Amino acid sequence: MLAPHRESPPPLPAPRVDTATPSPGVKRHAVFLVPLLDRWLVFAPLLRLAALVNEPAARALRSGEGLRGPGLLSELVDRLRRPPASVPRPLDGEVCPSFLGIMPTRGCNLACVYCNFGGPSADKVDMEPKVAVAAVDWMAERLVRASRRDFQVHFFGGEPFISPDVVDIVVHRVRQQAARHDLVPYLGASTNGVFSESRAQFIGDYFDRVVLSLDGPPEFHDRHRPALQGRPSFEVVSRTAKQLGRMPVDLCLRACITDDSVGEVEGITRWMIESFRPAAVSLESLTPGVLAARAGLEVPDPYRFAIHCIGAYRLAARMGVRAVYCAAETERPRLSFCPVGTDALIVSPEGRLSACYLLPEDWRARGLDMDVGRVDADGRVSIDAVALDRARTLPLGKPRCERCFCQWTCAGGCHVNQTPPGCSDRYTAFCIQTRLVTACLLLRDLGGEDLADELLGDRRAMERVGEHAWDPVDIGTTEAWGGIEDRVAAARPSLPYGGASERPRSTIAEGLAWLG
Amino acid sequence: MTDYRVGRGVRWSVGRVTLTLADAKGNVRTLRYPEAAVFDLVSRGRPFAKVVSLTAHILSLDAAGAEALVRSTLEEWADGGFLERV
Amino acid sequence: MANISLTSTCNRTCSFCFARDALEAHGPLRGHMPLDRVERALAFLARSRVPEARLLGGEPTLHPDFDRIVERALELGLRLLVFSGGLIPERALRRLEAVPEASLSVLLNVASPATGRTHEVARQLEVFRRLGSKVVLGLTIDSPGIDPSFLLPLIDEHGLGRTVRLGLAHPVLSGSNGYLHPRHYAEVGRRVTEFGLRAKERGVRLDFDCGWVPCMFPDGALDALGLTSAEVGLRCSPMLDLLPDGRVISCYPLAAQGAEMLGESHDAGWMRSRFSKRQKADRVFTLYRDCEDCRWRGRGECSGGCLSASLGRVRQQDFTVAVPRSA
């Protein structure tokens, strides 16, 4: 069964996938065919190519017959068979993290009703300063060895800014090491925004990007994210957002969308842009869980989410700001949805080095181990090569994704929550909305906004996209390319959120091909 | 006890790895590390003992070394007119 | 150059207005520049060998003696550049119609048909129709969602001047106006480049007001637009705005930094050097953290962006450090 959402007809049958023993070697595909109204979307993410074809052309692509000869179809096939310039592949060799995550504490000063990190009951132990310094120094040394200059450090929590000493030490140690080694420091943080104006000023001056959680106007935000003892937090978070919006830092406002707020997404987006002047607005749908259910919150219907998410994208684009739905990363192909597999390393308060910032008990519940090493208070950093390799290849083991055209763009979602056996082997609400949003963004890039409108206004057509059983189509690319696995490239891992500084250099689609 | 107060008209802005300081007379000073860290901590009102302990960690100094550094830096800024002795 | 602000009265309510604070802050004089002061301002231009009288406001055409001022400036052999919001009263419009094209440009800060009020758009269209090529369109960009594409059809349809003047909405030091945050400059640079290339194809050139920076443009864009980095990056300097009450300020956004009084012997060179001296220490402060490593700044091709916007990154706050006696 699909994850719960309203108004859905029975899902279309999907091929059963053996999820009992997920294999790291799940096959990846190069070209996909997705039904879009009365046409088909051809999508080759590694080539940054998309096209729309009619039914006869789609049949020809599937059967392999009639692909030769004069005409647009043959031209399309020729383009699809050109080997890509690069293919993302698992990292190997010495680790040089894409970014260093610092988790000064798991403690938090809010009691968000859906938080799976423990909130006020989480362990409030602060990271030892020597551990923080050792991690920073190790990262700097790695960058120098790899001849890289970008020194990216991102603070997570809990709420990182309730450990101000650790933050101050790390910020200045990073800057000092950057100055010493001619590196360029980039500081980021994910935060709830509940801190003083003085701290906000420091963040605004020293940080490059901040992801601030704000679920909307008070009627949503205070219901979802109350302070301790149930007190509202909107006023202080809003003050922080206004202050940071005026300052040099790139502010990304992240809203968690529920079934109650999904109909207001465009309004929330507009209000955020007008009120706070962010660089980006990030929309996430509520992750289903016991805590959320207990609070009476429900996951939004994925079809409604897709409709309003695209509405928000358009509105934000008109206002010159980025809207981001993290799973619909159409600008460059990737192997992983999140830091896992990108060599990003998160240092926990107790000195563990991990590939993931979720709670260890959540990994273990899925039979996963995301630890890859340790940072000791005496300054030693040790990496377990086997564990690192396991983390690097974990994103490959997503059997449900094999049939999905988003395998290179979404790359499977959270490896803990969206990977069997941690979830259904059939498309979840997350999958459906991701497929729809991605399809609409590709249509946008093809100049087909009107088609996207038509799709979003047709529930049956949306369901065909959302639940299409098998997207990959083999048009002989494997032979032409010599195998995807053989293509060697260093893919630049992306940060876990979109931001104004991550400006894409090329669009995914190269043109609109009308055939027949 | 020697107290210091920021000089009248002293302003600053944060660079990528530096801090630019300017006084009312137009004298400009670029603070690099370790000075930039000390300035940030004192300008945000951190108590002296905290400034010393954080500086010790930032620069991997022992407590005595950090305290000596902070004291001498404050004195130097006072000599340069960016701080006033109170 | 120097601008003469004839009046603080205005008939538009632009959210980005950077003149409002300067014109209202130092009351009691509000309203119109007295004619004797206009005469002294024109004499200042003559002493400074400035060939052009740049008239602004508020809305300069609302000055009750606008006709006489135009007449006087022309008598003195000055060319006129009138900065207008486009809602020009009939009498002033008739006067401007009569000025030869060689002696007049009206830089019209245009309301977008998409967002402007109907009566504003209608009046502006009337002004276009009657002034034609004397009108140069100007657009002040106060949000990253800017779409200047509506300007080109207006130019073609009404035979307007084939230049578009683009300005960024800068923050006034008091921070009370709507402005474009520097984090959005790159997005604006991208959109303006796209627009500029389309404009170029149609024989329309872009003119950039102050405060633009080379780094906001995509690689190769300045070349493609026929501009050098220095042309874009070095435009922030004392403009000299002569206010209705006789004060002279560096520019509206920096009005809070202070003013000089217009003396009988002062000329623009002297005024400019006074303000430059005052601002010398400020010029170490720049728009972005990364300016310290910028190649354009290093080569002297960029001054670091709008000074008023740059000062938004500057901190000034009291603090004390209580240092215990050493052991």
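Residues numbered from 1 in each chain as written. Chains lettered and ligands numbered in written order. Predicted model: local features only at pLDDT ≥ 70, side-chain atom pairs only at ≥ 80, totals over all residues.

1. Here's the deal with the environment of C:Val204
All names here are of chain C. As for its position among the elements, Val204 is in the loop between α7 (185-201) and β7 (205-208). Val204 sits in the buried class, given 20 other C-beta atoms within 10 Å. Not counting residues up to four positions away in its chain, the partners in contact with Val204 are Leu152, Ile155, Arg162, Thr163, Val164 and Ala199. (Helix = DSSP H or I, 4+ residues; strand = E, 2+ residues; numbered from the N terminus. Buried ≥ 20, exposed ≤ 12 C-beta atoms within 10 Å, placed from the backbone. Contact = placed C-beta atoms within 7 Å.)

2. Looking at the interface of chain A and chain B
Facing the 17 residues of chain A at the interface are 13 residues of chain B. At the level of elements, α3 (129-145), α4 (164-181), β6 (184-191) and α5 (197-206) of chain A are the ones that each hand at least two residues to the side of chain A that touches chain B. The biggest single contributor to the side of chain A that touches chain B is α4(A), with 9 residues. Considered class by class, the residues forming the side of chain A that touches chain B number 9 nonpolar, 3 polar and 5 charged. (Nonpolar A, V, L, I, M, F, W, Y, C, P; charged D, E, K, R; others polar.)

3. Section: the sheet that holds strand β5 (residues 83-85) of chain B
The antiparallel open sheet is built from 3 strands, whose spatial order is β5(B)-β1(B)-β11(C). At either end of the open sheet lies a strand with only one pairing partner, and these are β5 of chain B together with β11 (320-323) of chain C. Ignoring strand direction, the axes of neighbouring strands in this sheet form an average angle of 25 degrees. Note: strand β1 (residues 2-6) of chain B against β11(C), 4 bridges, orientation antiparallel. Looking at the pairing, B:Arg5 lines up with C:Thr320 of β11(C). Set on the sheet, helix α3 (residues 63-79) of chain B makes contact with β1 and β5 of chain B together with β11 of chain C; between it and β5(B) the angle comes to about 95 degrees. (Pairing = 2+ DSSP bridges. Axes fitted to C-alpha atoms, helices over the stretch in contact; angles between N-to-C directions.)

4. Focus on the interface of chain C and chain B
Tallying the contact residues gives 21 residues for chain C and 24 residues for chain B. Of the residues belonging to the side of chain C that touches chain B, the class tally is 9 nonpolar, 3 polar and 9 charged.

5. Looking at the domain arrangement of chain A
All names here are of chain A. For chain A, the assigned domains are domain 1 (32-89 + 397-486) and domain 2 (100-389). Taking the mean C-alpha position of each, domain 1 and domain 2 sit 30 Å from one another. Listing elements by their share of the side of domain 1 that touches domain 2, those giving two or more residues are α13 (429-445), α14 (449-456) and α15 (459-467). When residues in the side of domain 1 that touches domain 2 are grouped by element, the largest group, 11 residues, is from α13. (Domains from an automatic or database assignment.)

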